[in-house]
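Analysis of the macromolecular model
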Number of protein chains: 2
Amino acid sequence: MQENINLNWKVGFVSKKDTFIGEWYPATVPGAVQLDLAKALNYGNYYYAENWKDYGWMEDQFFTYRSTFKKPILDEKQQCFFVSKGIDYEFEISLNAEKIFYQEGMFTPVKLNITSKLKDENELLVKIFPIPKLHKLPADRTQTSQSVKPTVSYGWDWHPRLVPVGIWDETGLLVQNQSEIAEVDFSYSLDKEMKTAAISTQILGTMLQGCKYAMKITDADGITVFEKIAHFSAEKESFTDSIHNIQLWWPHDQGTPYLYSMDVQLFDKNEKLIQQKISKIGFRKVLLIMNEGAWDEPHNFPKSQSVDPIQLEINGRKIFCKGSNWVNPEIFPGIINDQLYEELIDNAIDANFNLIRVWGGGIVNKDKFYELCSQKGLMVWQEFPLACNNYEGSSHYFKILEQESESIIKRLRIYPALSIWCGGNELFNNWSKMTEQSLAIRLLNSQCFKLDPSTPFLATSPVMGMGHGHYVFRDPQTHKEVYEWMAEAKCTAYTEFGLPSPSSVKVLKSIIPENELWPPKRGTSWQSHHAFKAWIDNTWLMPEMLTDYFGEAKSLKELVDNGQLVQSEGYKCIYEEARRQKPYCSMALNWCLNEPWPTAANNSLINWPNKPKPAFYAVKNACRPFLASARLKKFKYTEAEEFNADIWILNDLPHLSEKGKISIKISTNTKEIKLLEWQYDSLPENINLAGPTVRFVLPAWETDRFKLLLEVEGHPEYNSDYTFLYETLKLKKKKANLLNF
Amino acid sequence: MQENINLNWKVGFVSKKDTFIGEWYPATVPGAVQLDLAKALNYGNYYYAENWKDYGWMEDQFFTYRSTFKKPILDEKQQCFFVSKGIDYEFEISLNAEKIFYQEGMFTPVKLNITSKLKDENELLVKIFPIPKLHKLPADRTQTSQSVKPTVSYGWDWHPRLVPVGIWDETGLLVQNQSEIAEVDFSYSLDKEMKTAAISTQILGTMLQGCKYAMKITDADGITVFEKIAHFSAEKESFTDSIHNIQLWWPHDQGTPYLYSMDVQLFDKNEKLIQQKISKIGFRKVLLIMNEGAWDEPHNFPKSQSVDPIQLEINGRKIFCKGSNWVNPEIFPGIINDQLYEELIDNAIDANFNLIRVWGGGIVNKDKFYELCSQKGLMVWQEFPLACNNYEGSSHYFKILEQESESIIKRLRIYPALSIWCGGNELFNNWSKMTEQSLAIRLLNSQCFKLDPSTPFLATSPVMGMGHGHYVFRDPQTHKEVYEWMAEAKCTAYTEFGLPSPSSVKVLKSIIPENELWPPKRGTSWQSHHAFKAWIDNTWLMPEMLTDYFGEAKSLKELVDNGQLVQSEGYKCIYEEARRQKPYCSMALNWCLNEPWPTAANNSLINWPNKPKPAFYAVKNACRPFLASARLKKFKYTEAEEFNADIWILNDLPHLSEKGKISIKISTNTKEIKLLEWQYDSLPENINLAGPTVRFVLPAWETDRFKLLLEVEGHPEYNSDYTFLYETLKLKKKKANLLNF
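Residues numbered from 1 in each chain as written. Chains lettered and ligands numbered in written order. Predicted model: local features only at pLDDT ≥ 70, side-chain atom pairs only at ≥ 80, totals over all residues.

1. Let's talk about the sheet that holds strand β22 (residues 317–318) of chain A
Residues and elements named next belong to chain A. For clarity, the threshold we go by: A strand pair is defined by DSSP finding two or more bridges across the two strands. Only DSSP runs of H or I reaching four residues or more are called helices, and only runs of E reaching two or more are called strands; each is numbered from the N terminus.
If you trace the three strands from one edge of the open sheet to the other, you get β20-β21-β22, paired in antiparallel fashion. The open sheet has two edge strands, β20 (286–289) and β22, and neither has a second partner. Pairing of strand β21 (residues 311–314) with β22, which is carried by two bridges, proceeds in the antiparallel orientation. Bridged to Ile-314 within β22 is Arg-317.

2. Comments concerning the interface of chain A and chain B
Selection criterion: Each residue is represented by a C-beta atom placed from its backbone, and any two residues with such atoms within 7 Å are regarded as in contact. Residues were grouped as follows: Ala, Val, Leu, Ile, Met, Phe, Trp, Tyr, Cys and Pro as nonpolar; Asp, Glu, Lys and Arg as charged; and all remaining residues, including Gly, as polar.
Of the residues lining the interface, 42 residues belong to chain A; the matching set on chain B comes to 42 residues. Mapped by element, the contributors of at least two residues to the side of chain A that touches chain B are α5 (439–451) and β28 (466–468) of chain A. Ranked by residue count, the leading element in the side of chain A that touches chain B is α5(A), at seven residues. When its residues are assigned to classes, the side of chain A that touches chain B shows 21 nonpolar, 14 polar and seven charged.

3. Description of the domain arrangement of chain A
A common way to report how large an interface is uses the accessible area buried once the components associate. Quick reminder of the rule: Source of the domain bounds: an automatic or database domain assignment.
When the domains of chain A are assigned, the result is domain 1 (3–176), domain 2 (178–281), domain 3 (290–622) and domain 4 (628–740). Here the C-alpha centroids of domain 2 of chain A and domain 4 of chain A sit 55 Å apart.

4. With respect to the pairing of strand β37 (residues 642–651) of chain B
All names here are of chain B. The pairing of strand β35 (residues 626–631) with β37 spans six bridges and is classified as antiparallel. Counterpart to Ala-628 in the pairing with β37 is Ile-649. Relative to strand β40 (residues 689–697), β37 runs antiparallel, the two sharing seven bridges. Bridged to Asp-646 within β40 is Thr-693.

5. Thoughts on the sheet that holds β40(B)
Residues and elements named next belong to chain B. The following threshold applies: For helices, the axis comes from a line fit to the C-alpha atoms of the stretch in contact; other axes are also lines fit to C-alpha atoms, and the angle between any two N-to-C directions lies between 0 and 180 degrees.
Within the open sheet, the three strands sit side by side as β35-β37-β40. Their pairing is antiparallel. The open sheet terminates on both sides in strands that have one partner only, identified here as β35 and β40. Across the sheet, the mean angle separating the axes of adjacent strands is 25° when strand polarity is ignored. Here helix α11 (residues 556–580) sits on the sheet in contact with β35 and β37, set at roughly 65° to β37.

6. Here we look at the environment of A:Lys269
All names here are of chain A. Tracing the backbone shows Lys-269 in the loop between β18 (260–267) and β19 (273–281). A C-alpha to C-alpha distance of 61 Å links Lys-269 and Gly-469, two positions 200 residues apart in sequence. Apart from residues lying up to four places away in sequence, Lys-269 is in contact with Gly-210 and Cys-211.

7. As for the packing of helix α11 (residues 556–580) of chain A against helix α12 (residues 614–622) of chain A
Residue and element names in this part refer to chain A. Convention followed: An angle below 35 degrees is read as roughly parallel, one above 145 as roughly antiparallel, one from 65 to 115 as roughly perpendicular, and any other as oblique. When the near helix sits turned anticlockwise from the far one by under a right angle, the crossing is termed left-handed; a clockwise turn instead gives a right-handed crossing.
Where α11 contacts α12, the axes come no closer than 8 Å and their chain directions differ by 20°. One finds that α11 runs roughly parallel with respect to α12. When you trace α11 past α12, the crossing you get is right-handed. Residues Gln-564, Gln-567, Ser-568, Tyr-571, Lys-572, Tyr-575 and Glu-576 of α11 touch α12, and the partners they reach there are Pro-614, Ala-615, Ala-618, Val-619 and Ala-622. Classifying every residue of the contact of α11 with α12 by side-chain character gives seven nonpolar, three polar and two charged.

8. Digging into helix α2 (residues 338–350) of chain B
Residues and elements named next belong to chain B. To keep things clear, this is the line we draw: Expected helix span is taken as 1.5 Å per residue step, with the number of steps being one fewer than the number of residues. Any residue with 12 or fewer other C-beta atoms within 10 Å of its own C-beta is exposed, any with 20 or more is buried, and the rest are partly exposed; the C-beta atoms used are placed from the backbone. In this description, the arc belongs to the directions extending from the helix axis to the C-beta atoms.
Taking 1.5 Å per residue, 13 residues should reach 18 Å; α2 reaches 18 Å between its end C-alpha atoms and fits that length. Of the residues making up α2, those classed as buried are Tyr-341, Leu-344, Ile-345, Asn-347 and Ala-348. Along the long axis of α2, the arc covered by the buried residues comes to 155°, so they all point the same way. Opposite the buried face of α2, at more than 90 degrees from it, the exposed residues are Gln-339 and Asp-350. Against the buried residues of α2 lie β23 (321–326), β24 (355–358), α3 (367–376), β33 (606–607) and β34 (611–612). Asn-352 sits one or two residues past α2 and shows a positive phi near 70°.

9. So, unusual backbone geometry
Of note, the bond from A:Trp591 into A:Cys592 is cis; its omega dihedral lies within 30 degrees of zero at 5°. Locating A:Cys592 in the fold gives a position in the loop between β31 (587–590) and β32 (601–602). In the segment running from B:Trp518 into B:Pro519, the intervening peptide bond is cis, with an omega of -10°. You can see B:Pro519 is positioned in the loop between α8 (514–517) and α9 (525–528). Phi is positive for A:Asn352, close to 65°, though the residue is something other than glycine. As for its placement among the helices and strands, A:Asn352 is situated in the loop between α2 (338–350) and β24 (355–358). Phi angles above zero are rare outside glycine, and A:Ala640 is one such case at about 80°. Among the residues examined, A:Ala640 registers 11 C-beta atoms within 10 Å and is labelled exposed.

10. Some words on the environment of A:Trp9
All names here are of chain A. With respect to the element layout, Trp-9 can be found in strand β2 (residues 9–14). C-beta crowding within 10 Å serves as the criterion here: with 23 such atoms nearby, Trp-9 is assigned to the buried category. With residues near it in sequence (within four places) discarded, Trp-9 still touches Ala-27, Val-29, Tyr-65, Arg-66 and Ser-67.

11. A few points about the relation of the copies chain A and chain B
Copy one and copy two of the chain differ by a rotation about a common axis and a shift along it. For clarity, the cut-off: The fit set for superposing copies consists of C-alpha atoms from residues with pLDDT of at least 70 in both; the fit itself is least squares.
Take chain A, turn it by 180°, move it 0.1 Å along the axis, and it overlays chain B with an RMSD of 0.1 Å. Taken together, the rotation and translation describe the operation of a two-fold axis. Nearest to the rotation axis, the C-alpha of A:Ser446 is located 2.4 Å from it, this being the minimum over chain A.

12. What about the nonpolar core?
Rules: Each nonpolar core consists of buried Ala, Val, Leu, Ile, Met, Phe, Trp, Tyr and Cys residues. Their C-beta atoms, within 7 Å, join them into a set.
Membership of the largest hydrophobic core comes to 349 residues, with the highest contact counts inside it found for A:Val380, A:Ile574, A:Val619, B:Val380, B:Ile574 and B:Val619. Other than its neighbours up to four places away in sequence, A:Ile574 contacts A:Val482, A:Met486, A:Tyr494, A:Phe497 and A:Ala588.

13. Here's the deal with helix α4 (residues 395–412) of chain B
All names here are of chain B. With 18 residues, α4 extends 26 Å between its outermost C-alpha atoms, agreeing within 8% with the 26 Å of an ideal straight helix rising 1.5 Å per residue. Looking at α4, one finds that the buried residues are Tyr-397, Ile-400, Leu-401, Glu-404, Ser-405, Ile-408, Ile-409 and Leu-412. One face of α4 carries all of its buried residues, which in axial projection span an arc of 155°. In α4, the exposed residues that point more than 90 degrees away from the buried face are Ser-395 and His-396.

Written out as C-alpha cells, the structure is:
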C-alpha cells in the first residue's frame, strides 16, 4: 500500500535569484512564507493595526523551502515521489542540486518520481519566485491580469494588500508501487425518471497491464450497488454500466444529500492490494433553465434576445437559491484548516442557505471544503480565479489558464455539490471590459464543456438579467433606501448585494489601537481595516448616514449597534423582497458571508474567523423556508405619517403546507397594537402568497423606534419582526429649526 | 499529378429500403433527385403556380444513384478514390454490391480509397435515405431539430415546403499517388503594426515520409514572399515563420481586398511533382469589440452586464457594416452555379454592402462563394445550420454536429472574407428557446475556439443589444410607421429588418396563372408564393395597408408600384437611421438580399434569381459611403400640416472629406421650392454630421405626392430624395364623410 512521509522544512530568502541564502528559518508546511518569516522575526500580528504594511517587502523576494531527508526504504517495486497538492505561485524544484521541475500555477498538483535521484541523504529545494506583477504600477489587482493568481490579495475593499506565497496545501513524500492508478474518471447521466444512472468510468495509470482492479460503489448503509472486478488489458480501462434505484443527492433543504462511496482497489500480479482510492459520489442532475416569465421578453421590434437563464433546477425541481458569497476565510490559504471550513459551512447551512458562490477573486478551496458541502447538502457555485480584470491573454497566459482550469475541473467535478462553473467575477462590466468574445472566457467554456459538460457554465456574474449591488442601505446620490431600490429592481437573480456594518466592539478592540478607537477617523487603523475609503469615501462605516438616522453616536457601542441594526434590517428586506419576486427571480446571494481577516466595517455576515454578526441571524430568519414577511416602504417615520406594509407568506417548502392565521401588530417599548388578523389557506409547494396591506397612522409616542410584529398562531418559528425609527413632530421641527440657524 | 474523372449517373427510387429498383432515370450531378425525377416524369416547373406540391411524395423515398464505370488505368503507385464535396443528407455507398461507407451530414466531404475493390467493370451506388424528420407532425422546421439539415426547406415564410436531397456538390473519381497531402493547416497572427504575419503551418497526409514538399506564397504581382522547401521526416510537418511588409486584406469599401497565392507542391522520391494545392489567402485581423457608449451602461444598481459587443474592427479600424442577409439562391443547392454566385455578389457590392450574413436556416455555400467574397472584398458572417429551433441534442445529434462543424470550419477558415462565425439564427428567442447553456451552442463555440480562434464567434443573432425586425412598414397594432419605430430603437446592430413588396409584374406573370392574377386572393398561387399568411395574415402583400395609403389599386401594375415605393422609402429610412445612430450602432443588414424562388411578395431586394427590385437601388443609395440624408417623421401629409426633416451628412469614408453645400428643396410634379442652403465643413473619417432641421407648412397643392430633395453642389453623386404622399384638406374631409355614412 501507499505510504505518506512528512518532511521538515526551513525557509530562507534572497532578493536576487539563485544567490546564496545565509539564514534559514523554521517553516510550517502547508503555510506561507510570510507567516514563517513573521514568526522568526517577531513581527506583530498582521491583522492588528497597520502591521500588514510591514510585510510588503516580501513581495519581491525569492524564497526557498529546504528539506533534508534520508532515503526511504523501498522494495524493488516501490517508487518514491515528491507530491504536493499546491504550491503558490511560480516555483522551481531541485533535488540534490539538480533542478528537476518548474511550474507556474498554484492549483495544479505536483507529483515527481524521484526514485532514481535519491541518495542516502537528500536535499530538496522548492524555490518560490516573487509574486506575479504584470507591471510595477498601479500596485493593484491589474497586476494579476496575466496570471492565474487569485487577485484579491493585491488589495480589495475588504482585504489589505498582502500577497501570500508558499506551499499552501498538503505536501511530502509518497512511496508506492510502480503500478499505480493515476486517475479515475467517473461520470454518469440519469434517466428521465431519475431512477437509473448510466455510469461511465475510465481508469488510467502506469504499469497497469495485467494488474487486477476492483471498483465498488456502496450506498450509505454499506450495501454494494455496483461492483466491477477485472484485469487491465492495457494501460487504461473503460467501461459503462447502469445502477438502478439510485438515491438522489439533494441540497439539505430539499431532501437528503445522499452520498455513495466509490472504492477503487488495485492489486499486483500476486493479488496483493497495492493502492486504494476512496471517494464520495452523489447522483444529481443540475440545469440552469430560463426564469419563469423571461421568455415573454423582450416585447417590441426590433427584438433582442431573452435574458440568460439562471433558474437552477435540481433533479427536475426548480428551486429558489438562497445563499452568500464565499471569500477566502484567511488571508493565507495555507492555514485554512478543516475545522474552520466545517464551522463556516455549518453556519451557512444554519443560515438556511442552500448555495454558496465561491467568488473568483479568491482561491479555489481545498478538497475538504467540497467534501463538506457535498456531505452537508450545500450547493457550490465555483468560479475560476478571474475577477474584475481584463484578462486579455498572451499565449503564455492561455497556457497557464488551460493547465490550471483542467486541474481545477478534474479535481472538483466528482463532488455532487458542485452545481455551477463560472468564468469569474464581474468580467462583463465596464471596470473589467471582457466580453463573450474574450478568448479566456471561450477557453474556460470550452474546458468545462470538454471535461464536465453536465454541469452548467456561466461566463461570469452578472450576466444579462442578473444584478450585482447595491452595496449601501441608502444610495448617496438618489437617497433611495433599500426598500425602494429593491422594490424597483427586476432581476432574475441577485447574486451580489451588500450592506455594511461596523464589526462588533470586541473585534474592533482586537485590531484598532486604543488611542485610535474613538471616534473613528480616516487615516488610522479604521481606514486600513476598510471603515473608510474602501469603496466610496465613507464606506464601509458610513458614519454620516448613521448620524442622519440615529443622531450622533455617543459611544463606540452605540455606533456599532446602530450600524448593525441598519445592516440587519436592510439584509432582511433584500432577501425577502428577492423571494417575493419569485419565480421570475430565482436566487439571492449577499455579499458576503465571511472575511479573510478582522475588518473594522464590512458587508459580511460573519466576522473573521467565524463570529456571526447580528445580521447573520436576521438573514437566517429571512431565509427560513416558510415565514410571515412584510414589504416595507421606509426605515424612519414621523408622528402622524401613515405606516403601511404588504403582508406575505414566503414559502420555499418542497411540499404542501398547512393553512394558518397571522396577527399583525405594531409595538413600541411600552405598547402593542393589533392591526389585523389574516387567515391564510394552505399553500402549494414552493409558492408564495400575497396577503393584505395594513395601514396605520402613527400616533404621538414617547419612543425613538417601533416594531412591526407578524405572529403566526401556534407557529412562533414562522414569526417575523421589523424595526423602524420614529420621531415626534415636535422633535422633527426642533431639528429643522436647528439646521436653519 | 492528380486526375479527376467524371462519372455518368442514373437515379431510381423505392419506398422501402433495399427493395428492387425497376426503373432508372438520367441524373445530373451535382443536382437533386427531385430535379431528375421532375425532368424524367415531365413535371411542371416547381416555381410555377402550385406545382411544388407535386413533389411532396418524394420526401419519404429511398433514392439511389447508380454509376457504372471501367477501372481507370493506374500505375503501381497510384490509387483511385471516390470523392464528393457533398451528398445530402443521409447516405450509404456501395461498390460492386459491397457496402463501403455510410454518412449522415451534407457538409462533410467523402473520400474513399476504392483501389483494392475495383474490377474491370464497376457499379457504384449512392443510396440516399428519406429526409430527416424528428416527428411526422407538425410538418415544419421542428422536424429538423435533431439534424444538421438546413431547416429552411421544410417551409418558411418565403420558401415552400420542398426538401432537396441528392449529390449537391462536385463528385467523381480521383486518381492520385499513394503519397498525398490531405490537409494544409495554415494560420497566422499579425503584429501590432499589422506589418508582419507570424505564420504557422502544418501539413498532414499519408505516406509522406521522405517526400519533398515546397510551399510558396506569392503576392498579387507574382513575387514570392515566402518559400519553404523540405522533406517530410514524418507523416506531418509543422513550421512557423514570419512574413514582413504584408499587404492587408480589406473589405472593398475600406481598401484593397489583397490576396496572396499559397502553392503547396508534393514531390515523390524521384523529385516528380505528384500533387499541388493552390489557395488564395489574405491577412486581416478581425475583432468584435464593444460598441461606443455601451460600456457606460447599465447605470443603476443592481447592475447587470453591458451588452454583447458587435462593433466590427478590421485591421484596427472600426467600421460600420452595411449589408444584407443571404439565403439559398436556389431551392436546390445542387444547381447553384458559379455565375449565379458571381452575379449576386457583384450586386451586393454594387449596393455598397461590405458584409453579408449567410443565414443559418440555409446551406453553407460552395467554395466559389467564399472565393468570390474574398476576391471582391465582401465580408462574410457565416452561421452554422441551426435556425429557430431548440436543438436540444441527443448524443447522436452532437456527434453529427461536431463532425459537420469541423468540416465547415476547416473548409472556410482559410478565406479572409470569413469575418464572423455564428451559432445560428434567432436561437435565444422564445420561438427557439435555446440559451447560453445549450450544449449545441457550447459545442460550436468550443469547435470554433479550437479550430479558428482568431475569428469572432457569436452564439446567435440577435444577442443582447442587437435587434431583429421589424418586418413591416407600419406596425399593425401600434400603427407606428418605420420612421417612428426606428427613431425609438436603440440597438448596437440591426442584423435583420424587412419591408415587403410585391414582385415585379413580369415575375408575377411567370408564376401566377392568368386567371388568378388579378385581384390577388388568398388560397391561390399568390398565397403559395407568400403574398398571404406567410408571417402574419396579410403578409407579405399587405394590400389593406397599401389601400389605406394610396386608395384602391386599379391594376396589378399600380399595386406593384405602390408596394415597391413603400418598400424603397422604408428601407432608405432604416439604413439611414441606423447609420445616424453610429457609433453606438455599428451594423445594418436587411432581411433579405435574394430569394430561392420567385415569390409573389417578399422582403428581398432582389427577385429570383437575380432581378433587382426598385428597393435595391434605394438601398444602394442609402448605403453610399457619403451622402446627404434626412431624418423624416412620416409618409403621408395633409395640406396645412408642418413638414419637417433633420438634415444630416452620413459619412463612412475612411478618410477626411471636403466641405460643401447642400440645397434642401421640396418639389411636386409642377413646383420646386427651396427651403434652405446648408454649408457644411469638412468631415473627419467615419464621422457623421448633424445639420439643420427644415420646417415647411404644406400649401394646397394639386398633387398626391411630393418629394424632399437634397442637392449637394457639384456632387450629384451625394444627392438624396424622399417621396411622400399628400392630400388636400378637401379630399381628407370628403373621405372622412364617406366613412361616416
